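Below, each chain spelled out in residue letters.
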Amino acid sequence: MLVPDLGEDLARAAAMLERAMLSLRAAERRGTELPGPLAAGAALGALRRLWRAVAPTQGGSAAGRLYGAGGRVEHLPLRLVDIDPVDVVTLSAAAAVLGAGHAPVGAALPPDGPPAGDLAAAAARFSGLLDLADTAESIVLRERLAAAGPGADVTLTPAQEAAYRHTADRLHTMWPRP
């Protein structure tokens, strides 16, 4: 999958979700019955596996710059990650459950943490970034980045830059930047 390097944005979202899911897991161990993907730590495990795959592509530790045609403009980098689609589906299903307003879920969340609706939005955005359907443009970019190799600087051709703009617009829809 193509993942944009969003700096610390994804790390903050993953940490917020992990904290909430750890609270839900603790409540479940105390006898709270949780629905579907939140039960038995399924969503927590999926989130952790996804974050392990995505974390090296984010922020200052990620190598490789992405330049537009001619090399004059630096773009927000896109990185390649291998993920298990089942984990994406699990996190997406957890977002739906968090957003559904189940009383036991809301009661088990940390009282000083974000509300379930904010958690649902973060989980949906995170899983959505990793679940965008392939387009001809995203395939062109994925092939270009794969050919360059991990951590390499890449200068796009004009056609590849057009593909980048199309793909970046789709990713921006899932994860708006301030």
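Notes on the structure follow. Bear in mind the structure is a predicted one, so any value in this text is a computation, not a measurement.

Along the polypeptide, Q160 turns up in helix α7 (residues 158–174). A distance of 2.9 Å separates the side chain of Q160 from the backbone nitrogen of T157, its partner in a polar contact. When sequence neighbours within four positions are dropped, the list of residues in contact with Q160 reads V140, L141, R144 and T155.

With that out of the way, let us pick up the sheet that holds strand β5 (residues 154–155). Ordered in space as β3-β2-β5, the three strands form an open sheet in which the pairing is mixed. Looking along the sheet, the strands with just one partner apiece sit at the ends: β3 (74–75) and β5. Here strand β2 (residues 66–67) pairs with β3 via two bridges, running antiparallel. Bridge pairing in β3 links L66 to H75.

To describe a pair of aromatic rings, one takes the distance between the centres and the angle between the planes. All chains considered together, the criterion is met by one aromatic pair. For the ring pair W51 and F126, a centre distance of 6.5 Å and an interplane angle of 80° mean the geometry is edge-to-face. In this pair, W51 sits in helix α2 (residues 42–54) while F126 sits in helix α5 (residues 116–129), placing the two residues 75 residues apart along the sequence. Over the aromatic face of W175 sits the side chain of R125, whose NZ or CZ is 4.0 Å from the ring centroid.

With that settled, consider empty space enclosed by the protein. All chains considered together, the criterion is met by two cavities of 30 Å³ or more. Along the walls of the largest cavity sit M1, L2, L129, L132, A133, D134, S138, R142, T167, R170 and L171, which together make up its complete lining. Elements represented by at least two residues in the lining of the largest cavity include exactly α6 (136–148) and α7. A per-element tally of the lining of the largest cavity places α7 first, with three residues. For the lining of the largest cavity, the residue count by class is six nonpolar, two polar and three charged. Around the second largest cavity, the lining residues are M21, L24, R25, L38, G41, A43 and L44. Secondary-structure elements contributing two or more residues to the lining of the second largest cavity are α1 (9–29) and α2. Top contributing element to the lining of the second largest cavity by residue count: α1, with three residues.

Cut-offs applied
Residues numbered from 1 in each chain as written. Predicted model: local features only at pLDDT ≥ 70, side-chain atom pairs only at ≥ 80, totals over all residues. Heavy atoms only, no water. Helix = DSSP H or I, 4+ residues; strand = E, 2+ residues; numbered from the N terminus. Polar contact = N/O pair within 3.5 Å; in protein donor to acceptor, adjacent residues only side chain to side chain. Contact = heavy atoms within 4.5 Å. Pairing = 2+ DSSP bridges. Phe/Tyr/Trp six-rings, centres within 6.5 Å; stacked < 30°, edge-to-face > 60°. Lys NZ or Arg CZ within 6 Å of the ring centre and 35° of its normal. 1 Å grid on protein atoms, 1.4 Å probe; cavity = no way out; pocket = protein on both sides within 12 Å on 5 of 7 lines; lining within 4 Å. Points joined across faces, edges and corners; volume = space filled by probe spheres on them. Nonpolar A, V, L, I, M, F, W, Y, C, P; charged D, E, K, R; others polar.

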